[in-house]
Amino acid sequence: MIRQLFICVVALLMSEVVVAQLSLEEYVSSVEEYSQSLAIARSQSRGAEADMRVAQRNFLPRLDLSSDVGYEFRDRSPQRQYDWGVRTTLSQPIFSGGRVRSSAKRAEMAYEAMLSRQESEWLSVRYDAEVAYWRLSRAETYLRAIEEYYAIVQTLREVASHRFEEGYTSKSDLLQVESRLSDAEYQLSLAEQQWRVALHGFNVLRGSDPSQDVTLYQSILDTMYMPQRECVMEVVASHPDYVSMVAQREAARWNVGVVQSNYLPNIGAEAYALWQPNTPHIKGAGTRLDGGLMLTLNTPIFHFGQRREAVRSARSAERVAELGMSQVADDIVLNESDGWTNLTLTQERVEATNRNLLIAEENLDISTYSYREGRSTILDVLQAQISWLQIYQNAISAQYDYAVAISAYRYIIADDIRLK
């Protein structure tokens with residue numbers, strides 16, 4: 001019985017540890033669920049879809065009901081002083097100069113543009129979440145490095161104190177180590193502050209308590225594989241920013257048709273039914289139901305050049321959309337080139353700093369051992385410690401830059417969108 005209870009307790013503790021570890025993808029998903037900007041983008045997409053449905057309904061007949069009641073205060077005739085009527089109208093546009101079709105297409109393109117902007121916002125949210133994850137990992141790694149550095153200096157202080165008590169070293173060596181230990185305490189305080197700031201940003205981004213402790217499942221020190229470079233033309237063609245601009249250009253083109261249709265003839269058909277009192281409207285006269293069909297024609301004739309200027313303005317907006325589409329394509333090409341260059345160079349820095357770190361660790365071990373045996377000075381050990389710490393910091397920065405560079409390149413090429 002005791003053995004079974006022990007196994008259950010161990011299993012519960014292990015499950016809590018597993019739950020406490022937060023992977024990158026889990027964190028990104030939690031940020032997506034909480035993101036206000038992404039929720040706004042989804043709402044805007046739903047609104048654009050509703051606008052598209054409204055524009056498409058203009059092809060269908062329209063049924064309206066209207067009524068009116070009147071009262072004459074000074075009427076002295078035998079007729080009743082009040083009058084009323086109820087009118088039901090069924091109308092159908094026949095020809096509107098292409099306005100209905102152009103309006104529907106314009107709304108459809110606006111909806112497509114909004115969907116692409118939503119995908120772009122989704123990419124931005126994922127990128128920000130990944131950067132926050134790696135920033136916290138860097139802060140944790142740096143804090144552990146400073147803690148290790150503090151422990152190294154503290155060990156050296158014990159060695160220097162022992163050698164001073166035995167008369168093998170001077171008071172100056174001990175004071176130099178004491179000064180270095182004080183500086184290590186200062187560095188440790190700064191590292192903890194940076195970690196807490198990174199933790200606050202990490203938690204707020206997912207809507208949690210800023211001070212909530214987390215255990216990251218992945219680290220910037222883990223092995224990360226460089227993504228494969230994509231064809232830039234394929235990236236441009238499928239990128240949500242470019243797709244959005246293409247849809248905006250098409251919406252502007254259809255808007256030209258909408259503007260032109262305002263100055264073309266309009267033909268419509270209308271069927272109506274009218275229920276009203278008989279004339280003269282006296283007591284006992286009863287009511288009647290009338291109806292009929294109408295064909296309406298409205299033709300603009302002269303508006304002092306208004307049509308020409310309106311179309312000119314619409315075509316200018318179309319040209320602006322075309323130029324914006326070209327500019328977005330150029331930006332994507334430039335960002336892809338810069339992102340790939342940043343990715344390859346940061347990978348080289350990671351490899352270089354890892355090699356240097358092994359050398360610095362070996363140099364520190366040799367210097368500390370030599371000082372313990374009285375074969376080197378305290379300055380040699382302190383210099384080895386500084387060198388080790390600087391190279392360790394460079395290694396952490398290089399690993400962080402490489403992790404962020406991978407996320408940035410995937411964001412630039414819209415990798416998550418392409419894999420959907």
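This text goes with the structure placed above it.
Here's a quick rundown of the structure. (Residues numbered from 1 in each chain as written. Predicted model: local features only at pLDDT ≥ 70, side-chain atom pairs only at ≥ 80, totals over all residues. Heavy atoms only, no water.)

## A word on the packing of aromatic side chains
Filter applied, for reference: The pairing test for Phe, Tyr and Trp rings, Trp by its six-membered ring, is centres within 6.5 Å, and the orientation test on the planes gives stacked under 30 degrees, edge-to-face over 60, and tilted for anything in between. We count a stretch as a helix when DSSP gives it H or I for four or more residues in a row; a strand needs E for two or more, and each element gets its number in order from the N terminus. Whether a residue is buried, partly exposed or exposed follows from its accessible area with a 1.4 Å probe, protein chains only, as a fraction of its type maximum: under 20%, in between, or over 50%, in that order. Whether a charge sits over a ring depends on NZ of Lys or CZ of Arg being within 6 Å of the ring centre and within 35 degrees of the ring normal.
For the coordinates displayed, the defined rule picks out nine aromatic pairs. Look at Y27 and Y133: their rings are 6.0 Å apart centre to centre, the planes differ by 45 degrees, and that puts the pair in the tilted class. Of this pair, Y27 sits in helix α2 (residues 24-34) while Y133 is found in helix α4 (residues 99-165), placing the two residues 106 residues apart along the sequence. Of the two residues examined, Y27 and Y133, each falls in the buried class. When the centroid spacing of 6.1 Å and the interplanar angle of 50 degrees are considered together, the rings of Y133 and F202 count as tilted. One end of the pair, Y133, is in helix α4; the other, F202, is in helix α5 (residues 171-205), and 69 residues separate them in sequence. A single burial state applies to Y133 and to F202, both of which are buried. An aromatic cluster is built from Y27, Y133, W134 and F202, whose rings are joined through pairwise contacts. Against the face of Y272 rests R87, its NZ or CZ located 4.3 Å from the ring centre. It is R253 that lies over the ring of W254; its NZ or CZ is 5.1 Å from the centre.

## Re the environment of I301
Counting through the fold element by element, I301 comes out in the loop between β6 (287-298) and α8 (306-372). Owing to a relative accessible area of 81%, I301 belongs among the exposed residues under this scheme. Along the backbone, I301 and P265 are 36 residues apart, and their C-alpha atoms lie at a distance of 9.3 Å.

## Topic: the side chain of T353
Mapped onto the elements of the fold, T353 is located in helix α8. T353 sits in the buried class, given a relative accessible area of 11%.

## Considering the nonpolar core
The condition that has to hold: Only buried Ala, Val, Leu, Ile, Met, Phe, Trp, Tyr and Cys residues count toward a nonpolar core, and they belong to the same one when joined by side-chain atoms within 4.5 Å. In this analysis, two residues are considered to be in contact whenever any of their non-hydrogen atoms come within 4.5 Å of each other.
Y27, Y133, W134, L136, F202, L343 and W388 are the most contacted members of the largest nonpolar core, which has 64 residues in total. Looking at this core, the elements with two or more residues in it are α2, α4, α5, α6 (232-238), α8 and α9 (378-412). Element by element, the count of residues in this core is highest for α4, at 17 residues. Once residues lying within four places of it in the same chain are set aside, the contact partners of Y27 are L22, A129, A132, Y133, G201, F202, L205 and R206. A160, L174, V177 and V381 belong to the second largest nonpolar core, which has nine residues in total.

## Overview of a negative patch on the surface
Filter applied, for reference: Here a patch means residues that are over 30% exposed by relative accessible area and free of salt bridges, tied together within 9 Å if like-charged and within 5 Å if nonpolar (Val, Leu, Ile, Met, Phe, Trp, Tyr). The accessible surface values rely on the Shrake-Rupley method and a 1.4 Å probe; as for residues, cover is taken only from the protein chains in view. Here, a salt bridge means any side-chain nitrogen of Lys or Arg that lies within 4 Å of a carboxyl oxygen of Asp or Glu. Positive: Lys, Arg. Negative: Asp, Glu. His and the chain ends are not part of the count. To locate a charge, take NZ of a lysine, CZ of an arginine, CG of an aspartate or CD of a glutamate.
A cluster of acidic residues, E148, E361, E362 and D365, forms a negative patch at the surface. Element by element, the count of residues in the negative patch is highest for α8, at three residues. Looking at the secondary structure, you find E362 in helix α8.

## Notes on the packing of α2 against α5
For the record, the criterion: Interaxial angles span 0 to 180 degrees and are taken between N-to-C directions of axes, which are lines fitted to C-alpha atoms, for helices over the stretch in contact. Should an angle fall under 35 degrees it is called roughly parallel, over 145 degrees roughly antiparallel, and 65 to 115 degrees roughly perpendicular, with every other angle called oblique. Three residue categories are used. Nonpolar comprises Ala, Val, Leu, Ile, Met, Phe, Trp, Tyr, Cys and Pro, charged comprises Asp, Glu, Lys and Arg, and polar comprises the others, including Gly.
At their nearest, the axes of α2 and α5 sit 8 Å apart, and the two run at 60 degrees to each other. Here α5 runs oblique to α2, going by the angle between their axes. Together, Y27, V31 and Y34 of α2 and G201, F202, V204 and L205 of α5 make up the contact between the two elements. Residues that form the contact of α2 with α5 fall into these classes: six nonpolar, one polar and no charged.

## Quick notes on unusual backbone geometry
With a phi close to 55 degrees, F304 is a non-glycine residue in the positive phi region. Mapping F304 onto the fold places it in the loop between β6 and α8. Since its relative accessible area comes to 74%, F304 is described here as exposed. Residues other than glycine seldom take positive phi values, yet A414 does so here, at roughly 55 degrees. Position of A414 relative to the elements: it lies in the loop between α9 and α10 (415-418). Judged by its relative accessible area of 1%, A414 is buried.

## Description of the sheet that holds strand β5 (residues 266-277)
Counted only if it meets this: By this definition, two strands are paired if DSSP reports at least two bridges between them.
The sheet built from four strands is open, its strands ordered β2-β3-β5-β6 with antiparallel pairing. The open sheet is flanked by β2 (62-71) and β6, the only strands paired with a single partner. Going across the sheet, the axis of each strand differs from the next one's by a mean of 20 degrees, ignoring polarity. Looking at chain direction, β5 and β6 are connected through 12 bridges and run antiparallel. Within β6, the residue paired with N266 across the bridge is N298.

## Some points on a nonpolar patch on the surface
There is a patch of nonpolar side chains on the surface, built from I94, F95, I267, L295 and L297 and spanning about 520 Å² of accessible area. Mapped onto the nonpolar patch, the elements with two or more residues apiece are β3 (82-95) and β6. Examined against the element boundaries, I94 turns out to sit in strand β3. Classification of I94 as exposed rests on a relative accessible area of 53%.

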